[in-house]
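The lines below spell out each chain.
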Amino acid sequence: MMPAVDDRSLLQEIHAEIQPLVGQGRLPASIPPLAAVPRDRFAMVLRRVDGREAAVGHAAEPLSIQSISKILILTLAMQLEGDGIWTRVYREPSGNPYNSLVQLEREEGIPRNPFINAGAITLTDLILSRLDDPAGAVRDLARRSAGNQSLDFDLEVAAAEAATGHRNRALAHFLKAFGNLHNDVDRVLDAYFRICSLSMSCQDLAAAFAFLASGGQSADGTSEMATRRQVKRINAVMLTCGVYDSAGDFAYRVGLPGKSGVGGGIVAVMPGRFTVAVWSPGLDETGNSLAGTMALELLTTKLGVSVF
């Protein structure tokens, strides 16, 4: 039997080991507020399913969660539409950049999965067809899941994304041309940009996505965020599609379902055991946190756990 692990000491050990990588990597120049984030930031939070939590670094500092919000979009779409969502978006790895126009055109307007931009835009459109304020609904889902009613959008980030999001506009118009976007393009994109701008700390992230480790229950145990069947499927899509076009490398190195964002955050899940959130702004060539990915690899190596 392995000796009991002190989570705080483990995270401190990982924090020390990844220091040479903190500050390395690129920042997302196309979103000026994110390009201005100090490179020296690092945080890691491990939250066990029983609610115990350990943290190191800038764990309480807000970050722009960006594509991590696509988990929330998918969860809400599943709540509203069930398996009907899969008529409008596939659930296969893309093998292409997250904002590829070529693949979307070749596959006649059906996005490969919910975690590339076209897929999340499609599901935002689906939510808009059912709810007047899809962005507000996703924010409220995050608040309820994390148990933090102060979570909100960073409107400066949302405005920057709207000003520079030309490829996302092209994706939305492609979807519209193929009949897979039912609402006004500008309304869908306004909601999508606001959702991506959600601001949360690593502590918030670890709590908000605790339901993916616990079988669907919110962090405080008071509400069901998703059914066990839905949680199984969300985790499966995270494993195969959650880290842009480097899912194979992430599975090989980390061995957990995960979802990243260009704000430098990553959330990963060991079902039945824990949720972990990590943040370091410097990105690798595929848009994933350089130091954050290594921290997760060290975590699963030192704990001796993975889903495999």
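Further up the page is the structure itself.
Computed from a predicted structure; not experimentally measured.

**Student:** Which residues make up the overall build of the chain, and what are the values?
**Tutor:** Tallying secondary structure elements over the chain gives 14 helices and eight strands in all. The C-alpha radius of gyration of the chain comes to 18 Å, within 12% of the 19 Å expected for a compact globule of 308 residues. Overall size of the chain, expressed as C-alpha extent along the three principal axes, is 55 × 40 × 35 Å. When each of the 308 residues of the chain is scored for burial, the buried share is 58%. Look at the contacts in the chain between residues 6 or more apart in sequence, and 68% of them connect residues 24 or more apart. For the chain, the exposed surface amounts to about 12000 Å²; the carbon and sulfur share of it is 51%. Counting 29 positive and 33 negative side-chain charges, the chain places the averaged centre of each group 4 Å from the other.

**Student:** Go over helix H1 (residues 7-17) with me, naming the residues and quoting the values.
**Tutor:** Every buried residue belonging to H1 is among Asp 7, Leu 10, Leu 11 and Ile 14, and all of these are buried. An end-on view of H1 places all buried positions within 95° of arc, on one side of the element. Packed against the buried residues of H1 are strand S1 (43-48), strand S2 (53-57) and helix H14 (290-303).

**Student:** Run through helix H8 (residues 166-177), naming residues and quoting values.
**Tutor:** For the α-helix, the turn length of 3.6 residues means that residues three or four positions removed from each other point alike. The end-to-end C-alpha separation of H8 is 16 Å, in line with the 16 Å expected for twelve residues at 1.5 Å each. The elements touched by buried residues of H8 are helix H4 (101-106), helix H5 (117-130) and helix H9 (185-196).

**Student:** Summarise the packing of helix H3 (residues 69-81) against H5; cite the residues concerned and give the values.
**Tutor:** Running from N to C, H3 and H5 cross one another at 40°; their axes reach a closest spacing of 9 Å. On the basis of their axis angle, the class for H3 and H5 is oblique. Read as a crossing pair, H3 and H5 show a hand that is left-handed. Within the contact between the two elements, H3 uses Lys 70, Ile 73, Leu 74, Leu 76, Ala 77, Leu 80 and Glu 81 and H5 uses Asn 117, Ala 120, Leu 123, Thr 124, Leu 126, Ile 127 and Arg 130. Considering only residue class, the contact of H3 with H5 consists of nine nonpolar, two polar and three charged.

**Student:** Can you lay out the pairing of S1 for me, pointing to particular residues and giving the numbers?
**Tutor:** Where burial is concerned, most of S1 is hidden: six out of the six residues are buried. Of the two faces of S1, both are covered, the one formed by Ala 43, Val 45 and Arg 47 as well as the one formed by Met 44, Leu 46 and Arg 48. Here S1 pairs with S2 via five bridges, running antiparallel. Counted as the bridge partner of Val 45 is Ala 55 from S2. Between the end of S1 and the start of S2, which pair antiparallel, lie four residues, with Gly 51 showing a positive phi angle near 95°. Bridge analysis of S1 against strand S8 (residues 274-279) gives six bridges, and the strand direction is antiparallel. Paired with Ala 43 across the strands is Trp 279, a residue of S8.

**Student:** Please provide a residue-by-residue account of unusual backbone geometry, values included.
**Tutor:** Positioned with a positive phi, Glu 108 is a non-glycine residue whose angle comes to about 55°. Structurally, Glu 108 can be placed in the loop between H4 and H5. Here Glu 108 falls in the exposed class, since its relative accessible area comes to 56%. In this structure, Tyr 244 is a non-glycine residue whose phi angle is positive, near 60°. Residue classification places Tyr 244 among the buried positions, given a relative accessible area of 5%.

Cut-offs and rules
Residues numbered from 1 in each chain as written. Predicted model: local features only at pLDDT ≥ 70, side-chain atom pairs only at ≥ 80, totals over all residues. Heavy atoms only, no water. Helix = DSSP H or I, 4+ residues; strand = E, 2+ residues; numbered from the N terminus. Rg over C-alpha atoms; globule rule 2.2 N^0.38 Å. Buried < 20%, exposed > 50% of the residue type's maximum accessible area, 1.4 Å probe, protein only. Contact = heavy atoms within 4.5 Å. Areas by Shrake-Rupley, 256 points an atom, 1.4 Å probe, with all protein chains shown as cover. Lys, Arg positive; Asp, Glu negative; His and termini not counted. Charge placed at Lys NZ, Arg CZ, Asp CG, Glu CD. Arc of directions from axis to C-beta. Expected span 1.5 Å × (residues − 1). Axes fitted to C-alpha atoms, helices over the stretch in contact; angles between N-to-C directions. Parallel < 35°, antiparallel > 145°, perpendicular 65-115°, else oblique. Left-handed = near helix turned anticlockwise from the far one by under 90°. Nonpolar A, V, L, I, M, F, W, Y, C, P; charged D, E, K, R; others polar. Pairing = 2+ DSSP bridges.

Functional significance is not addressed by these values, which are geometric in nature.
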